[in-house]
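Chain and residue survey
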Amino acid sequence: MKPFAFARPADAAEAVATVATEPRAVFLAGGTNLVDHLKLGVARPDLVVDVRRLTSREITDTADGGLRIGAAVTNSELAADRRVRERYPVLAQALLAGATGQLRNLATTGGNPLQRTRCVYFQDVSTPCNKREPGSGCSAVGGYTRYHAILGTSAALPDPTAPETCIATHPSDMAVALAVLDAQVQVLGPAGARTIPFAELHRLPGDDPSRDTVLEHGELITAIDLPPLPAGARSAYRKVRDRASYAFALVSVAAVVADGEVRLALGGVAHKPWRASRAEEALRGGPVADDAVRHAMDVELTTAQPQPGVDGGNGFKIPLVTRTVVATVRDLTQETQA
Amino acid sequence: MSAPARTPAGAPGHLTGPAGGGIGTDAQRPDGTLKVRGEFAYGSDLWMEDMLWGVTLRSPHPYARIRSIDVGPALAVPGVHAVLTSDDVPGAKAYGLELADQPVLAVDVVRYQGEPVALVAADHPETARAAAARIVVDYEVWEPVTDAIAALGHPRWNAVHEDDAEVTELSRESAHLHPEGNLVRHLKVRTGDPSPTADVVVVNTYEVGMQDQAFLGPESGLAVPAEDGGVELYVATQWLHVDQRQICSALGLPPEQVRLTLAGVGGAFGGREDLSMHVHACLLALRTGRPVKMSYNREESFFGHVHRHPATMRYEHGATRDGDLVYVKAEIYFDGGAYASSTPAVVGNGGTMGIGPYVVPNVHVDCYGAYTNNPPCGAMRGFGSVQTAFAYESQMDALAAALGMDPVELRCRNAMEQGSTAITGQVIDSPAPVVELLRRLEAMPMPDAAPDDLRHMPGGVSNTTHGEGVRRGVGYAVSYKNVAFSEGFDDYSTARVRLEVVGGEPVATVHTAAAEVGQGLVTVEQQIARTELGVDRVVVHPKDTQVGSAGSTSASRQTYVTGGAVKAACEAVRGQVLARAAELTGRPVGELRLFDGAVVGEGLELPLAEVLGDDAVEETLEWRHRPTEAIDPETGQGFAHVQYAFSAHRAVVDVDTELGLVKVVEMACTQDVGKAINPQAVIGQIQGGTAQGLGLAVMEEILIRDGKVQNPSFTDYLIPTILDMPPMRIEVLEYADPHAPYGLRGVGEAPNISSGPAVLAAIRQATGLPLTRVPVRPEHLTGT
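What counts, and where the lines are drawn
Residues numbered from 1 in each chain as written. Chains lettered and ligands numbered in written order. Predicted model: local features only at pLDDT ≥ 70, side-chain atom pairs only at ≥ 80, totals over all residues. Heavy atoms only, no water. Disulfide = S-S within 2.5 Å. Buried < 20%, exposed > 50% of the residue type's maximum accessible area, 1.4 Å probe, protein only. Contact = heavy atoms within 4.5 Å. Buried area = accessible area lost by both parts, 1.4 Å probe. Salt bridge = Lys/Arg side-chain N within 4 Å of Asp/Glu carboxyl O. Polar contact = N/O pair within 3.5 Å; in protein donor to acceptor, adjacent residues only side chain to side chain. pLDDT = per-residue confidence, 0-100. Helix = DSSP H or I, 4+ residues; strand = E, 2+ residues; numbered from the N terminus. Phe/Tyr/Trp six-rings, centres within 6.5 Å; stacked < 30°, edge-to-face > 60°. Lys NZ or Arg CZ within 6 Å of the ring centre and 35° of its normal.

Observations concerning the state of the cysteines
Within the structure shown, the criterion is met by 0 disulfides over all chains. With no disulfide partner, cysteine 119 of chain A has as its closest neighbouring cysteine sulfur the one in cysteine 129 of chain A, 5.9 Å distant. Residue classification places cysteine 119 of chain A among the buried positions, given a relative accessible area of 9%. Between cysteine 282 of chain B, a free cysteine, and cysteine 248 of chain B, which holds the nearest cysteine sulfur, the sulfur-to-sulfur gap is 9.1 Å.

Okay, here's the thing in structure tokens:
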């Protein structure tokens, strides 16, 4: 582990100012991801700024009937909140499908969406990785790809040596639920506060895979707002993984069904929580039967690019995510009709 | 040169344990309380105030020539005390369990990714790591050989090893390493008609992926230089004396100057049979004159020990229309990776156990172990047999389907029993209750038809399956495994037992070098001493090389062999004590026995304190099981194995056929253990072995690309959690083996062998898919 300085500012504004003035500074919240990366040499900051006590640890009702979740609220607290469980079951389910009890006790609302990919090559500092070392290439192409993307990758047929190549996925379960809930992210930065729609927080790799989000250096998430769902809305999160617990998603689905409208977000398939807008569009106004959902997913996945790999590649994700969506929507629709 | 050897913190102490509990009881473990309270010191807890930290620089390439190594930049780092390469190895440059073919530090060529190239000792682990990164190694990278069959097909062109490997006295059998080829061993079994024909024939090819032992305590050790120019090594390992011999050879020191003590072991499963940092830590300690600790992290651990051989197997089974097996032909390829490790013995087991516990008149088996540039593979629980069981049990199911027979019926019809002849020509001369094991499984009640709780469905707590597309399957499998070392190996253990009176109470001390790796051998040692000496208090001496070899903690052999040695040493002590008592009382020895801390006879109860006074009675004995013999190299015939273990599993699974998720609903197991020395520990072995077999069936695999490991972490190498492992029904049978101490049979491996094939059979029944490769993953079940 590379030595670093440690700072514990008095408030959020001072934390933001401290990080903003030091190019190789990072925020420390729950530390469940950063500390691993410090040990692995993936993160090599000069300064670690502790914000664990600087943002709110409260969940408050908002005037529009939604909730504001302080950035320091832990995953465990959020999943256990009665209002979240009643009004946003998709979020509670997603949280509980992630990590372990011990990790959820430390992981925070502000930190979880900012966790970095679990791509093995990103975490292995001895291999090229455009996300870790821009321009070095991508070791994942043709490698161990079962946890890798099929949507929104940087090129149709990725070139492992190209500087923009990245087929990593975003690992957070919580973020998939926040994407389907149209959450809003409250951010404090050197230039003041701003609000970012959650769907716009994360980036696709584009020409710079090293950047996971649109946040500027020094910007700190202070809270996440959940707008109210329509009356009678149903929501759920389903996750498919290689074992019953303690594993990242092969694919996951966050779905909301309300007034015949279906909202879908997918996990484990892209560099960001993937809002399936094309599928939503295809379903708008029509019947929500299995066939229609399947067709909508076909539309969504027309641009899907399965990756070859050492254990047969990840093409299996295409039918897998479709079937998971169909089953999830079927359940929610039956609930609303019952 | 250095300070006298001192005892580090974290070195093992005497285990005094709870009092009471002879053989056949659920005696408590003497290390149990320490472990559950977090007070047990593992190898990684070893500590000395003035110690240095050793780290290993490993090859990033699976196959390359080393043009040059420049250690200068590393030596220049402040805090660095030594940087060593192969030039600094004073003795033999290579070591190995069976063939001395593995360099202590790479010499000119690296043959697998992760091969140790250089060592650094520094005053802080981060300093040592940073310095190691500054060593400049100039590699000429070569194309790796990554396919075992291809490696054998082109022996000259692909020659990974250019020189003869020396066959050491450690070899378990007379394996040949072909001088310029990649063949480690080719075992042949030939019985009966070489060209048999049958009414019904099934032919299939099977593959088993590379499994890791996944023990939780990574490799750790501490070497302390001694005043006599020698070294004390505290290390978590499986066989102290085989380590000692290899270390002595590399250091050029005699055994009396290389003293080993077993540090706390956090699991082994075969992964600690080969050396890891043993020689490295000693080299650094001797060079610096300071204690040196080495402790791998999880990632390095994946490169620091051997794995289970991946296997490719083609099987042909022929039977009559009535279901009598006529012949089996098998070709079995084990990928041994870059160095031999235990490959010869794995080939031996794989070949001689290769058709399962069935009686077949005509057998033709070719079993090969090959060198490649993949990670070295060696010992892992059930070795050789785990892989072949997937194939032969799948074949029995395929044959049953072809015959329209019930799979259990077909197995019972062809099962071996006591008096049957195995394919090695050996007559099975102890109970072989294969039919009873299967029939008892069949008779067990089935779990409830459909779970009413989502958490019990495939995908479990992930809220994944709500019952749509879920199908149930049931599968059976039987295992068959040789216990202890085979093929003429001189397999023995040494025990020193002392009986004395301390503070008025008789105390026995048992001293063996047998590695306790978590299985509970220390408990068994206490139980045997209590039973044989009639005392409650038994102290287990730390395991070290101050007593003779106990052999390896592997091959399900320690309760049998070290248990036998402890029993024999106790009997010798008892003989002495009773002789004294006879002298004191004038009674004939034959009328006296030891019971409850006293010598008793009719109308006599003489406390041991009165017999022994201040004397201690001590005996040290070597004990051997019946000798085995090498098999004929052309026919595979011979008295190869001393004992067999048998277990059977029934697996019940629910499969979500849409999402490819498997929920193992229940595992049932029957096993004959001869005599359960500690029934609770037997249950633990069966449960643990079952979980490890289930893991290989549905999730565990080290994935290799071009010779490089792709998933060296517990994030990406998945092992079953408690949510993946179902409740078990277990029936333990105790049919005594008349040749073994107390009639016992080795327990640890058999359940690891039959569990995975049973799970696979159940998934196959649920899905109707052929499934010829394990592990089975979601994408193999979704029909896509």
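What to know about the interface of chain B and chain A
In this complex, chain B contributes 33 residues to the contact, which on the side of chain A involves 36 residues. Both faces combined, the contact of chain B with chain A buries some 3,000 Å², and carbon together with sulfur accounts for 51% of it. Linking chain B with chain A are 1 salt bridge. We note a salt bridge from glutamate 779 of chain B to arginine 146 of chain A, for which the minimum N-O separation is 2.6 Å. The interface formed by chain B and chain A includes 12 residue pairs in polar contact (both at pLDDT 80 or more).

Considering the confidence of the model for chain B
All names here are of chain B. Taken over all residues, the pLDDT of chain B has a mean of 93, while the share at 70 or more is 95%. Low confidence marks residues 154-180, where pLDDT is under 50. Its contacts with residues over four positions away, or in another chain, come to 76 contacts. Here the predicted complex scores 0.94 on pTM and 0.92 on ipTM.

Quick word on unusual backbone geometry
All names here are of chain B. In the segment running from valine 774 into proline 775, the intervening peptide bond is cis, with an omega of 0°. A positive phi is found at aspartate 108, a non-glycine position, where the angle reads about 70°. The topology assignment puts aspartate 108 in the loop between strand E6 (102-103) and strand E7 (109-110). Phi at aspartate 706 takes a positive value of approximately 50°, unusual for a residue other than glycine. Looking at the element boundaries, aspartate 706 is found in the loop between strand E32 (704-705) and strand E33 (708-709).

Examining the packing of aromatic side chains
Residues and elements named next belong to chain B. Counted by the stated rule, this structure contains 14 aromatic pairs over all chains. Here the aromatic rings of tyrosine 112 and tyrosine 339 are separated by 6.1 Å at their centres, their planes lie at 80°, and the arrangement is edge-to-face. Here tyrosine 339 lies in the loop between strand E19 (325-335) and helix H8 (343-352) and tyrosine 112 lies in the loop between E7 and strand E8 (116-122), a separation of 227 residues in the sequence. Across the ring face of phenylalanine 595, the terminal group of arginine 593 is positioned such that the distance to the ring centre comes to 5.6 Å. Taking NZ or CZ as reference, arginine 624 lies 4.6 Å from the ring centre of tyrosine 492, over its face.

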